[in-house]
Structures are given as C-alpha cells and as structure tokens.
Amino acid sequence: MNGIKNVFLHYKELFLGDKLSFFLECGSDVLYALILLFFPLLGTNPYNYILIGLTGLFCVFAAIYIVLKGKILINKTLIALIFACVYGLIASLIQVGWSGMLQTVLLFSALLCVASNYSYNFKKSAMMCWLYVFGQILFSLVLCFVYHEDILSFSDIRIGSEFENVNTVGMYLALGVVVSLYLVIKHKGWAHLLLIPVLIFLVLILLTGSRLSLIMALASVLVAIFLYFGKKRLFISTLLVLGCLVLGILILQLPPFAAIRTRLSSLITTFLGFGSGDHDYSGIQRFSMILDGFSLWLNNLFFGYGFTAFSQLTNYGTYSHAALIESLVSVGLIGTIPLYYAYLSPCFHSRWKDSSAVLAILFSITCILFGSFFSMFITNKASYFILVILLSAELENDSSHCVKISLVNNKHLKLFITWEGVFVPSTWSAERQNKII
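Residues numbered from 1 in each chain as written. Predicted model: local features only at pLDDT ≥ 70, side-chain atom pairs only at ≥ 80, totals over all residues. Heavy atoms only, no water.

Right, let's get into the overall build of the chain. Helix and strand counts for the chain stand at 18 helices and four strands. Looking at the chain as a whole, 49% of its 437 residues qualify as buried. Counting only carbon and sulfur atoms, one obtains 69% of the accessible surface of the chain, whose full area is about 21200 Å². (Helix = DSSP H or I, 4+ residues; strand = E, 2+ residues; numbered from the N terminus. Buried < 20%, exposed > 50% of the residue type's maximum accessible area, 1.4 Å probe, protein only. Areas by Shrake-Rupley, 256 points an atom, 1.4 Å probe, with all protein chains shown as cover.)

Laid out in structure tokens, this is it:
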C-alpha cells in the first residue's frame, strides 16, 4: 500500500511543479502499463495492431520525455542491438523484402532502447516487474475462464489456441514463472504470495502441452530454489529439488495432463530410444529444420539472406522454430554476433551483489539457453520485456561506460555529450575527443 501511496504522491508533486512532465510521465506510464498487462491477450490478429499502436505511442511519449527531462544513454549493448537491426533491415530489403518478422524485431528492439532509457531516467524497473507479473496473472485468469469446461471435464485437449500458438502461450506463462520467482527471491516476506500464481502458471503450462515451456519453467523453479537458500543451505535445496522432481512425475500421471505426458513419452522414445511412446514427428521435423538451417547458413556464412529467408528457401513453409538458426540464416555472423551480444550482455553484466543477477541467471538459463534451439525468443514479446528490465538494471548498475546525451539544459536546446564522466563539447572532432578521453 505504501508503494501505491508513494506513486500518487509523486504524481501530485509532479502536477503541482511541472505540468508538462506530469503529462508526459502519466501518458508513458499508462501506455506501458497497458502494454505489460495486456500483451498476452493482444497477440493475435486483429488485436495485435492494438498492441503495435500502444507500443508506438509509448515510444513517442517516453522518447519526448527523455529528451526534454532526462539523458539518452547509449552503451555497448544498445550499439550492438542497433547495428544488428540496421544490418538486418538492409539485408532483408535487398534480398527478401519487408516481412512481419522483420517488423516484429525492429518494433521490439525500438521498445527495448526506449523503455530501458525510460526506466533508467525515471526509476521504473520495479513498476515493470510487477506489471509484468500482473499481466501474466490476468492472462492466466482469462485462460481459466475460456477453457474452464475443458479443465473441469479433465479432457486432454491442449489449451491456448484461442489466443496464440499453444507453445507461445506456454512460453508466456513460463516467463511469468521466471519473473515471479525473481520477485520472491528479491523481496521475500509478503512476496511469497506470488508462489500461488506460480503454481497456477505451472498447471496451465501442463495443460498447454508445451514441452519446452514445461522444461523452461521447471528449470527456473529448480535454479530458483538454490538461489533462494544459497550455499549455506545446499542440503535443503537438494532435498527440495528432488522432492519437486518426484512430485512433478506423480502429477504428470493425472488424467488432465495426458496430452503433455504423451508428448514427453514420444520425445524420450524417439531421441533416447527407450520407452513405449510413439514417434515424435514434430521433434524430428524441428531437428531437421536445425540441420537444414545450419546448411543454409554455411553457404552464406557472414551475410545471411534476410528475415523470413528460411521459410522462403526451404520446403517447410515456416520459420525454423529455433532463434539461433533463424538469426544465422537471416543475418549471418555479421548480424548474429551483435544481436546475441545485446541479448546476453545485460545477463552477464549483472553483478552478483545486485538482485538483478537472480533474474539474469533465470532468464539466461530458461530462455536463451533452451530458446536458442527450441523456440523463437527473438520474436517473443514476453522475452523482450524481461530484456528491458535487465538492460535497465545494467544501466543503473554502471552508467560510467555509457555515452550520455542531453539535448535540453535549463530549458534551452543545447547538446551536451559526456563519456565516462568527461564532458565532450559537441563541436569537437571525434579524433580530438578520443585523445582527451
């Protein structure tokens, strides 16, 4: 309650002291809150255009606010991301043309740049985390309402297709588990109430039948147990992990989870050679996609073919279902290396003493490690919002290595640039700047 009260007091002081800032900050906060709360529900046509519109408006409002009242921070992570996007745009337009995938990557990369700067300038990281979790809770409640008959009848239907691909729905919920566990570890106390939605997310993931989402969520739970108790209680952590694994196996035997149990059995039979499951044709096809994607990439090692090239150059008629493969085929090593640097840098730059390191560990293990080969996290909305939180934390933890650009000073339009605490007059040449710094 104190947090909500402080927010209203902040808005009141802002309104009384600076009405322009009040208008811009309220507009930015409302738009970003709508995005975080409703992005899982606005993922399919024609509602995705509402999400695109909200994202565009937020970027405009937040960018104006940053320019007028804050500083533009550019670090190596953002430089790498911008380079990868510009190169991907050029490569795509030259070879395959405009595409929905290119639009998604550019839109959410712009959101990543603007929202991370907005969070740094105006201290919005905590708001982002909580709104993210509330959005997943709202989504899970809607899922329960829409599919309540199937859930209560213990049918083995995979839920989620009314919104997006069932695997995408499962990934939303898995990343909801990641952020919820991060908040539990960070705040403890009353934040333990978030374990209730975590359990709901896990049950719904089982009902989606998404194997990757289940593995991601389970991995985040197991890792979170060790992070929560620390090195001093390693024995307790090990017992809890083993208990969770046994409980998970027992829960999978229940009738409502027949769909995912069958899919897991077929996966084990197909790739490990034991068990009584049927052949996993979906898994075989995805493995073939990876091999064909590597073959395409080796024929154009450095430059790539542009976004959506995989679907156009193969007989699958769709994307590769593997983020790393799609990136290598689309933009080659020239685009993939900076793109992955932008994804991984916020994770590895989180200091161990900072609470953001917990989120970085959970995200890098669950999303980047598994997602690179088994999902398209580079076009997944949920993963980008976590990257925003991590990049914001990276900027807040160490902004000394950022180029800071101020365009407005004392209500006058004037360009100021600082790098590592050294003021750089904007009229100096780049060569002279480097010598002085």
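Following the structure, the description resumes.
Here we come to the packing of helix α2 (residues 19-38) against helix α5 (residues 100-122). Each packed pair of helices is defined by two parameters, the angle between the axes and the distance between the axes. Their axes nearest at 13 Å, the elements α2 and α5 cross at an angle of 125°. As judged from the angle between their axes, α2 and α5 are oblique. As α2 runs across α5, the sense of the crossing is left-handed. On the side of α2, the interface is formed by Glu25, Ser28, Asp29 and Tyr32, while α5 contributes Leu111, Ala115 and Tyr118. Its residues assigned to classes, the contact of α2 with α5 comprises four nonpolar, one polar and two charged. (Axes fitted to C-alpha atoms, helices over the stretch in contact; angles between N-to-C directions. Parallel < 35°, antiparallel > 145°, perpendicular 65-115°, else oblique. Left-handed = near helix turned anticlockwise from the far one by under 90°. Contact = heavy atoms within 4.5 Å. Nonpolar A, V, L, I, M, F, W, Y, C, P; charged D, E, K, R; others polar.)

Attention shifts here to the packing of aromatic side chains. For the structure shown, the criterion picks out 21 aromatic pairs. Here the aromatic rings of tyrosine 32 and phenylalanine 385 are separated by 6.3 Å at their centres, their planes lie at 70°, and the arrangement is edge-to-face. One end of the pair, tyrosine 32, is in helix α2; the other, phenylalanine 385, is in helix α17 (residues 381-397), and 353 residues separate them in sequence. As far as the burial class goes, tyrosine 32 and phenylalanine 385 line up, both buried. Between the aromatic rings of tyrosine 343 and tyrosine 384, the centroid separation amounts to 6.3 Å while the plane-to-plane angle is 85°, which identifies the pairing as edge-to-face. In this pair, tyrosine 343 is assigned in helix α15 (residues 323-348) and tyrosine 384 in helix α17, connecting sequence segments 41 residues apart. A residue is classified by how much of its surface remains accessible, and tyrosine 343, at 1% relative accessible area, is buried. Its relative accessible area of 1% is what places tyrosine 384 among the buried residues. We note lysine 188 situated over the ring of tyrosine 228; from NZ or CZ to the ring centre the distance is 5.0 Å. (Phe/Tyr/Trp six-rings, centres within 6.5 Å; stacked < 30°, edge-to-face > 60°. Lys NZ or Arg CZ within 6 Å of the ring centre and 35° of its normal.)

Let us look at helix α9 (residues 195-208). Compared with the 20 Å implied by 1.5 Å per residue over 14 residues, the 20 Å span of α9 between its first and last C-alpha is a close match. Taken together, the buried positions of α9 are occupied by Pro197, Val198, Phe201, Leu204, Ile205, Leu206, Leu207 and Thr208. Once α9 finishes, glycine 209 follows within two positions and takes phi at roughly 75°, a positive value. (Expected span 1.5 Å × (residues − 1).)

Nonpolar side chains collect at one region of the surface, where Leu20, Phe23, Val60, Ile64 and Leu68 lie side by side and expose about 430 Å² of accessible area between them. Those elements giving two or more residues to the nonpolar patch turn out to be α2 and α3 (48-69). Top element by residues in the nonpolar patch is α3. It accounts for three residues. Structurally, isoleucine 64 can be placed in helix α3. (Patch = residues over 30% accessible without salt bridge, like charges linked within 9 Å, V, L, I, M, F, W, Y side chains within 5 Å. Salt bridge = Lys/Arg side-chain N within 4 Å of Asp/Glu carboxyl O.)

Next up on the list: the pattern of salt bridges. This structure, assessed with the given rule, holds three salt bridges. The partner of lysine 124 in a salt bridge is aspartate 29, with the nearest N and O atoms 2.9 Å apart. Residue lysine 124 is found in the loop between α5 and α6 (125-146), and its partner aspartate 29 is found in helix α2; the two are separated by 95 residues along the sequence. Looking at aspartate 29, the relative accessible area reads 5%, which means it is buried. The structure contains a network of salt bridges with shared partners spanning Glu25, Asp29 and Lys124.

Here we take up unusual backbone geometry. Phi is positive for lysine 188, close to 50°, though the residue is something other than glycine. Mapped onto the elements of the fold, lysine 188 is located in the loop between α8 (166-187) and α9. What makes lysine 188 partly exposed here is its relative accessible area of 34%. Not every positive phi belongs to a glycine, and threonine 308 is a case in point at roughly 75°.

Membership of the largest hydrophobic core comes to 110 residues, with the highest contact counts inside it found for Tyr32, Phe58, Tyr132, Leu175, Phe363, Phe377 and Phe385. Setting aside chain neighbours within four positions, we find phenylalanine 363 in contact with Leu175, Val178, Cys347, Ile368, Ser383, Ile386, Leu387 and Leu390. Core analysis: the second largest hydrophobic core is formed by nine residues, Tyr305, Ala309, Ala322 and Ile325 among them. (Core = buried A, V, L, I, M, F, W, Y, C linked by side-chain atoms within 4.5 Å.)

Okay, the confidence of the model for the chain next. Residue-level pLDDT values for the chain average 81, and 86% of them are 70 or greater. Note on residues 426-437: pLDDT is under 50 here. Beyond four places in sequence and across chains, it has nine contacts. (pLDDT = per-residue confidence, 0-100.)

The next point concerns the packing of helix α10 (residues 211-229) against helix α11 (residues 234-252). For the pair α10 and α11, the least separation of the axes is 8 Å and the interaxial angle reads 160°. By the angle class used here, α10 and α11 are roughly antiparallel. Along this stretch, α10 crosses α11, giving a crossing that reads as right-handed. The segment α10 lies against α11, with Leu218, Leu222, Ile225, Phe226 and Phe229 engaging Leu234, Ile236, Ser237, Thr238, Leu240, Val241, Cys244 and Leu245. In terms of residue class, the contact of α10 with α11 is built from 11 nonpolar, two polar and no charged.

Within the secondary structure layout, lysine 381 lies in helix α17. Among the residues examined, lysine 381 registers a relative accessible area of 11% and is labelled buried.

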